[in-house]
Amino acid sequence: MAQTFLHTMFGPGSRALQLAAGSRASYARMEGQGGEMDALTGRELDFIAARHSFYMASISEDGWPYIQHRGGPAGFLRQISGNRIGFADYRGNRQYLSTANVAGDDRVSLFLMDYSARRRLKLIGHARTSDDPVDIAALMEPDCDAEPERAFVIDIVGFDWNCPQHITPLFSEAQVALATQPLRDELAQLRARVFELEGKHS
């Protein structure tokens, strides 16, 4: 699960605060079970493949934390193999902040949200960019007209699932349309019936 994630993210300061708060023993047991990485399972890969967007944090060339939103059709962020995931980077505002950041420090953190189900997944890993046409083509979405500039390839070190507390449920237009379709069908039937009855009495 999150053993390697926690072992990687916890530092002396957080461990000391956990000790003072009485939570250190349980976290220490989890850390002790950590290995080289937290292996992604079907649960994590299915969650990743269903996302339309995510947030990626990197470290700027001056040491500042920088976070960027990435969006696309479901599946644009996908598994390449094992714990390696990636996405195609299309031409945008040409600031190249994340691209420059990972060139100097390859550590990144990804935050993936499912607002409707109130679930969130945190990922940490090492990222690199690739200009290889084969890498780019493997991560492009079908029928995409945008111009790709590179591929982002991320080797995941650890992950952690968060609890649903404080996540406000949000629903996409497609989800709302699907949920309300039976009501709209019933309304259409009622309208047709009213029209039929009005015709009989005209």
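Reading the values: the criteria
Residues numbered from 1 in each chain as written. Predicted model: local features only at pLDDT ≥ 70, side-chain atom pairs only at ≥ 80, totals over all residues. Heavy atoms only, no water. Helix = DSSP H or I, 4+ residues; strand = E, 2+ residues; numbered from the N terminus. Polar contact = N/O pair within 3.5 Å; in protein donor to acceptor, adjacent residues only side chain to side chain. Contact = heavy atoms within 4.5 Å. Core = buried A, V, L, I, M, F, W, Y, C linked by side-chain atoms within 4.5 Å. Buried < 20%, exposed > 50% of the residue type's maximum accessible area, 1.4 Å probe, protein only. Pairing = 2+ DSSP bridges. Phe/Tyr/Trp six-rings, centres within 6.5 Å; stacked < 30°, edge-to-face > 60°. Axes fitted to C-alpha atoms, helices over the stretch in contact; angles between N-to-C directions.

Asks: Outline the side chain of R51, supporting the account with residue identities and numerical values.
Replies: By the element assignment, R51 lies in the loop between α4 (42-49) and β1 (53-59). There is a polar contact of 2.9 Å between the side chain of R51 and the backbone oxygen of F47. When near neighbours in sequence (up to four residues on either side) are disregarded, R51 contacts P73, A74, G75, F76, L112, M113 and D114.

Asks: Would you mind going over the nonpolar core in detail, with residue names and values included?
Replies: Counting residues in hydrophobic clusters, the biggest one holds 22 residues, and the most contacted among them are L110, L112, L123 and I154. Elements that contribute at least two residues to this core include exactly α4, β1, β4 (84-90), β5 (107-114), β6 (119-130) and β7 (148-162). The element that contributes the greatest number of residues to this core is β7, accounting for five residues. For L123, the contacting residues outside a window of four places in its chain are L40, I48, I85, V108, S109, L110, L112, I156, G158 and F159. Residues A2, L6, F10 and I124 belong to the second largest nonpolar core, which totals six residues.

Asks: Would you mind going over the pairing of strand β3 (residues 78-81) in detail, with residue names and values included?
Replies: Sheet topology note: the β3/β4 ladder contains three bridges and is antiparallel. Counted as the bridge partner of Q79 is I85 from β4. Linking β3 to β4, which pair antiparallel, is a turn of two residues; within it G82 sits at a positive phi near 50 degrees.

Asks: Run through the environment of I167, naming residues and quoting values.
Replies: Relative to the helices and strands, I167 resides in the loop between β7 and α7 (173-200). I167 gets classed as buried once you look at its relative accessible area, which sits at 6%. On a C-alpha basis, the gap between I167 and Y115 in space is 6.8 Å, while along the polypeptide they are 52 residues apart. Once residues lying within four places of it in the same chain are set aside, the contact partners of I167 are M113, Y115, R118, R119 and R120.

Asks: Can you break down the packing of aromatic side chains residue by residue, with the values?
Replies: Counted under the stated rule, the structure contains five aromatic pairs. Between the aromatic rings of F10 and Y27, the centroid separation amounts to 5.4 Å while the plane-to-plane angle is 75 degrees, which identifies the pairing as edge-to-face. Remark: Y27 occurs in helix α3 (residues 24-32) and F10 occurs in the loop between α1 (3-9) and α2 (12-21); sequence separation between them is 17 residues. Judged by centre distance (5.0 Å) and plane angle (5 degrees), the rings of F87 and F152 are stacked. You can see F87 sitting in strand β4 and its partner F152 sitting in strand β7, a full 65 residues away along the chain.

Asks: So what's going on with the sheet that holds β3? Which residues, and what values?
Replies: Ordered by their spatial adjacency, seven strands build an open sheet running β2-β1-β5-β6-β7-β4-β3, and the pairing between neighbours is antiparallel. The sheet is open, and its two edges are formed by β2 (65-71) and β3, each paired on a single side. Neighbouring strand axes in the sheet, compared pairwise and without regard to direction, differ in orientation by 35 degrees on average. Alignment of β1 against β5, held across three bridges, turns out to be antiparallel. By the bridge assignment for β5, A57 is matched with S109. Here α4 sits on the sheet and contacts β3, β5, β6 and β7; the angle it forms with β6, its principal contact strand, is near 80 degrees. Across the sheet, helix α5 (residues 97-104) touches β1, β2, β4, β5, β6 and β7, and the angle it forms with β2 is around 125 degrees.

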